[in-house]
Amino acid sequence: MHDASVPPSNKGIDTMPPSPLRPTSAPCVAVFGGCGGAGASTLAAGLARSALHSGREVVLVDGDPLGGGLETILADDLTGGRHRSEAAAEGTGLSLLSCARPDGRPIPAESMARALGTMAAEAELLVVDLPRYLAESTRLAAAYATHSLLITPVAERALVSARRLLEQLGSDGPRPGLVARLPCRDLLNPSRLAEYLRLPLSGVLKAGRDRSRLQRASLDRFCGRFVDSLFGVVAAA
């Protein structure tokens, strides 16, 4: 892992000094994808972006051994785009801890613990993008989280995959809220999908024109409301 914050730093997680796992009460959101290509990395990046643009210090951890491409998704925010400059003037910022493990080996649990423990002291919000492969480091991050989201398409195949993930996850961490991704298929709808998974329905996201990506406006609305709810902000009517 490396620190890709602005200004950049080459400090590696494995060399960080040990820290208590909960040095602050900053909320931590774990984000899972119910199936491959569900949009977990996009959702995690959207949450981080919303927190940044609302003037908060946010740390985004890429917990996927293969990497989720978060640097590309957040390129403008990490390199001094308009919103990033406005936030910097207010003393806020975004730090991205990303993983570079070409062989796909799981991230060591000790490294994840040190990353979360160290960065929590510097953040008002942590967001962790986690893989569906539940290695020890993934379970540790899930247990550390104060909130959890699972994003999945509204389709039977995704339902089966999400069920398997939830069974493996068990009682590690808070029960996820479901983020349902449109369009609906196989006679399912978001409410029915939530019922089958036995999860609360946290939100519904629309697809873009090509249906392969999430609609930015829908993503931003959900992430903005969710981040506000973490800090007790009541959205205006």
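Sequence order as written defines the numbering, with residues in each chain counted from 1. Local features in a predicted model are, by the rule used here, given only for residues with pLDDT of at least 70; side-chain atom pairs are given and counted only at 80 or more, and totals for whole chains, interfaces and linings are based on all residues. To obtain the side-chain values, all non-hydrogen atoms of the structure were used and water was disregarded.

You'll find the protein chain entered in an unreviewed UniProt entry as CobQ/CobB/MinD/ParA nucleotide binding domain-containing protein, with Actinospica acidithermotolerans given as the organism.

This paragraph deals with the overall build of the protein chain. A run of DSSP states H or I qualifies as a helix once it reaches four residues; a run of E qualifies as a strand once it reaches two. Both are numbered from the N-terminal end. When you go through the protein chain residue by residue, the secondary structure sums to nine helices and eight strands. Across the 237 residues that make up the protein chain, the buried fraction comes to 50%. Whether two residues touch is decided by their heavy atoms; if any such pair falls within 4.5 Å, the residues are in contact. A separation threshold of at least 6 residues defines the contact pool for the protein chain, and within that pool the share at least 24 residues apart is 78%. For every accessible area listed, the method is Shrake-Rupley and the probe measures 1.4 Å; residues are considered covered only by the protein chains on display. Working note: accessible area of the protein chain is about 11200 Å², and carbon and sulfur atoms make up 50% of it. Classification of residues uses two cut-offs on accessible area relative to the type maximum, computed with a 1.4 Å probe and protein chains only: under 20% is buried, over 50% is exposed, and between them is partly exposed.

To continue, consider empty space enclosed by the protein. It is a probe the size of a water molecule, rolled over the atoms, that shows where empty space is left. Of the two site types, the cavity is a set of points on a 1 Å grid over the protein atoms alone where a 1.4 Å probe fits but cannot get out, and the pocket is an open set with protein on both sides within 12 Å along at least five of seven lines, each lined by residues with an atom within 4 Å of a point. Grid points are joined across faces, edges and corners, and a volume is the space filled by probe spheres set on the points. According to the stated counting rule, one finds one cavity of 30 Å³ or more in the structure shown. The space that makes up the largest cavity amounts to roughly 40 Å³. Lining the largest cavity, in full, are Gly63, Pro65, Pro106, Ile107, Pro131, Tyr133, Ala135, Ser137 and Thr138. Under the convention adopted here, Pro, Cys and the residues Ala, Val, Leu, Ile, Met, Phe, Trp and Tyr are nonpolar, Asp, Glu, Lys and Arg are charged, and Gly plus all remaining residues are polar. Class assignment of the residues belonging to the lining of the largest cavity gives a composition of six nonpolar, three polar and no charged.

We now examine the side chain of serine 41. Mapped onto the secondary structure, serine 41 falls in helix α1 (residues 40-53). Here serine 41 falls in the buried class, since its relative accessible area comes to 16%.

Our next topic: the pairing of strand β7 (residues 177-181). For β7, the buried fraction is high: five of the five residues fall into the buried class. Here β7 shows two buried faces, one formed by Gly177, Val179 and Arg181 and the other by Leu178 and Ala180. The pairing of strand β6 (residues 147-153) with β7 spans five bridges and is classified as parallel. Bridge pairing in β7 links leucine 149 to glycine 177. After leaving β6, the chain enters helix α7 (residues 156-169) and then returns to the sheet as β7, a path that is right-handed. When β7 meets strand β8 (residues 201-205), the two strands line up parallel, connected through four bridges. Looking at β8, one finds that leucine 178 is bridged to leucine 201. Throughout, right-handed denotes a crossover for which the path from the first strand over the helix to the second runs clockwise when the strands point away from the viewer. As for the winding sense of the linkage, the β-α-β connection from β7 through helix α8 (residues 190-197) to β8 is right-handed. In this scheme, strands are said to pair when DSSP sees at least two bridges between them.

To continue, consider the nonpolar core. Residues grouped as a nonpolar core are buried Ala, Val, Leu, Ile, Met, Phe, Trp, Tyr and Cys residues, joined through side-chain atoms within 4.5 Å. By size, the foremost hydrophobic cluster in this structure holds 36 residues, and its most contacted members are Phe32, Leu116, Leu126, Leu193 and Leu197. Of all elements in the fold, only β2 (28-33), β3 (58-62), α5 (109-120), β5 (125-129), α6 (136-144), α7, β7 and α8 reach the threshold of two or more residues within this core. In this structure leucine 197 touches Thr152, Leu159, Ala162, Arg163, Leu166, Arg175 and Leu178, once residues within four positions along its chain are discounted. Ala38, Leu47, Leu70 and Ile151 belong to the second largest nonpolar core, which has 32 residues in total.

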